[in-house]
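# Close look at the chain arrangement
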Amino acid sequence: MADKCSEGLLNGTVPGERGKQDKSVKRGNWGNQIEFVLTSVGYAVGLGNVWRFPYLCYRNGGGAFMFPYFIMLVFCGIPLFFMELSFGQFASQGCLGVWRVSPMFKGVGYGMMVVSTYIGIYYNVVICIAFYYFFVSMTRVLPWTYCSNAWNTPDCVGVLDGNLSSRAALNLALNATQKRTSPSEEYWRRYVLDLSDDIGNLGEVRLPLLGCLGVSWVVVFLCLIKGVKSSGKVVYFTATFPYVVLTILFVRGITLEGALTGIMYYLTPQWDKILDAKVWGDAASQIFYSLGCAWGGLITMASYNKFHNNCYRDSIIISITNCATSVYAGFVIFSILGFMANHLGVDVSKVADHGPGLAFVAYPEALTLLPISPLWSILFFFMLILLGLGTQFCLLETLVTAIVDEVGNEWIIRRKTFVTLGVAVAGFLLGVPLTTQAGIYWLLLMDNYAASFSLVIISCIMCVAIMYIYGHRNYFKDIEMMLGFPPPLFFQICWRFISPAIIFFILVFTVIQYRPISYNDYVYPPWAISIGFLMALSSVICIPIYAIYKVCCSEGDTLLERLKNATKASKDWGPVLAEHRSGRYAPAFSPSTESHLEVQPLQPEKSRSEAEAASPVQGSNGSAHSQDSRL
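Residues numbered from 1 in each chain as written. Predicted model: local features only at pLDDT ≥ 70, side-chain atom pairs only at ≥ 80, totals over all residues. Heavy atoms only, no water.

### Brief notes about the packing of helix α6 (residues 106-136) against helix α24 (residues 542-553)
Between α6 and α24, the shortest axis-to-axis distance is 7 Å and the interhelical angle comes to 145°. At the point where α6 passes α24, the crossing takes the right-handed sense. Together, K106, G107, V108, Y110, G111 and V114 of α6 and C542, I543 and Y546 of α24 make up the contact between the two elements. Class assignment of the residues belonging to the contact of α6 with α24 gives a composition of six nonpolar, two polar and one charged. (Axes fitted to C-alpha atoms, helices over the stretch in contact; angles between N-to-C directions. Helix = DSSP H or I, 4+ residues; strand = E, 2+ residues; numbered from the N terminus. Left-handed = near helix turned anticlockwise from the far one by under 90°. Contact = heavy atoms within 4.5 Å. Nonpolar A, V, L, I, M, F, W, Y, C, P; charged D, E, K, R; others polar.)

### Some remarks on the environment of K550
Following the sequence through the fold, K550 ends up in helix α24. Using a relative accessible area of 26% as the deciding quantity, one classes K550 as partly exposed. Linking K550 and N565, residues 15 residues apart in sequence, is a C-alpha distance of 9.4 Å. Once residues lying within four places of it in the same chain are set aside, the contact partners of K550 are P103, M104 and A566. (Buried < 20%, exposed > 50% of the residue type's maximum accessible area, 1.4 Å probe, protein only.)

### Section: the environment of D155
Relative to the helices and strands, D155 resides in the loop between α6 and α7 (165-174). Residue classification places D155 among the partly exposed positions, given a relative accessible area of 35%. Counting along the chain gives 28 residues from D155 to P183, while the straight-line C-alpha distance between them is 9.7 Å.

### Side note on the state of the cysteines
For the coordinates displayed, the defined rule picks out one disulfide. A sulfur-sulfur separation of 1.9 Å characterises the disulfide bridge that pairs C147 with C156. Between C147 and C156 the sulfur-sulfur dihedral comes to about -65°; the bridge is accordingly left-handed. Each member of the pair, C147 as well as C156, carries the same accessibility label: buried. We note that C463 lacks a disulfide partner, and the nearest cysteine sulfur, in C460, lies 6.7 Å from it. Overall, the relative accessible area of 0% leaves C463 in the buried class. In this structure C494 is not part of a disulfide, and its nearest cysteine sulfur, from C76, lies 8.8 Å away. (Disulfide = S-S within 2.5 Å.)

### Structural notes on unusual backbone geometry
Located in the positive-phi region is S92, a residue other than glycine, with phi close to 50°. Tracing the backbone shows S92 in the loop between α5 (66-91) and α6. In the Ramachandran plot, A294 falls in the positive-phi region, its phi being about 70° despite a non-glycine side chain. Within the secondary structure, A294 sits in the loop between α13 (277-290) and α14 (297-302).

### Let's talk about a nonpolar patch on the surface
Among the surface-exposed residues, V464, Y468, I469, L489, I493 and F497 lie close enough to one another that they form a single nonpolar patch of about 550 Å² accessible area. Mapped onto the nonpolar patch, the elements with two or more residues apiece are α21 (453-483) and α22 (489-512). Residue position: L489 is located in helix α22. (Patch = residues over 30% accessible without salt bridge, like charges linked within 9 Å, V, L, I, M, F, W, Y side chains within 5 Å. Areas by Shrake-Rupley, 256 points an atom, 1.4 Å probe, with all protein chains shown as cover. Salt bridge = Lys/Arg side-chain N within 4 Å of Asp/Glu carboxyl O.)

The structure is reproduced here in structure tokens:
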């Protein structure tokens, strides 16, 4: 059906009509569709695919976890992904501008911005730690190989320290009176972090981490210096090379002794757990968070698509690629962990970990057992850097696009680079406290609270606003106008009933399964947990505050009239290019609508002097738009 429509509606034209440009000169577009797909893959595929999914898999029944995981992908992940892509592409606006569809819910867009700000701050700190490990791996012997360093304690037992591997196995297996600490763990805690004893005791800034944080922000800024025009070229490398590294590590991993044990531990299904609600909750949460729903990034990336791009096809490709990457990464991780467990003579569960513990403790220790260990370490941390940068690009672009689209005048559009620089500098300064001796405590606090249940609430309200306030019939017609065919019946049912129900289930599961955060043996004090909840609420509270503000500012004599006017779509809602506005979106050319529409010249080959001679139209935001007088 899509192919048939694309033949009859090439760039929105009908037979005999002059071909339309389908380009936004004002905002810009992706150079081609491959750039958008690679950017979206880089955004969705992040560090969580490497260090969270494999852990969830073996904790929740191994291969049995795959069943609820793919069920949630089909009924929640792909539909939500398609909804956000189509939402941003139809309006060609960021996470704020799209809420012209129902202005009272613009607080959802502000909530997305707050969430992306929090994630962007601490995510780049994780990237900077990966940069640090990448740089220190450029040596003949990895610094966390032996226990003979100044930062090591008497409890340190290295697997390569002479005949101490048997002692390590004994301590790991019995774990009786003495707790064995590995060289990689002491290097991580006592040297890299120089960890303080409390979240309130910031201590000093770790200068090596601060320098690496500066490097990571400079890299992100340079890649986004021209917006999607520059980042679209960078993703050819950042989105594809991690798969090359994963494949190299996979081939090396499966050739090691004990690798099969680790892979079997990862995949062996425990079918009795399939009836456990916690398994289904973990599967739904992992799908929801790993695809980046409700962050605002999907809406932003899709807003740079051409109007008639087949985002339905893209959503399926990107979602499946993301989940397949998670499964593939599990093979890579557990082949190495199986080899390490075999070397120590212990069960895989004794060496498996998740989160930073897997990336910066367990896996680096396993790498020391491989021949030419610095090479494998460099490859592994280079892969982490690229995976993190792919997500960070979209987080920063989400904030910049929202700011530029909201101001909307020519002055800020021409100076978008300076907006990007300002956001990057602010992100660096806000990330400095995370490089102190208590930085890891704050990083995990932000990770656990800033982007947890708040994302679920934002996504649920977005579904309700589009399907039930704006109206599912209106939205289905919008998609048909854009793609040439309405969304399949399956997606219509999911958007209206199934996906919101699953989102609500995730929210309930998150509340029921809530446990106060801790880091190893450290338990967070109540005041720190209170700050975590405030961070979570800071994004959600934007929704009711803006809704109240909008209702108060709307026209009407009664509350019901004000409410109706506040939820009604704005006159400038719809395709941003005048050539795509037909039917109920046909422009009336009032000042309120012209200020937000980009009118393309009928003859693109006109000289610049003719374009400048066009009559300027003063927009509602005070900017003058040069338009062809015949339009």
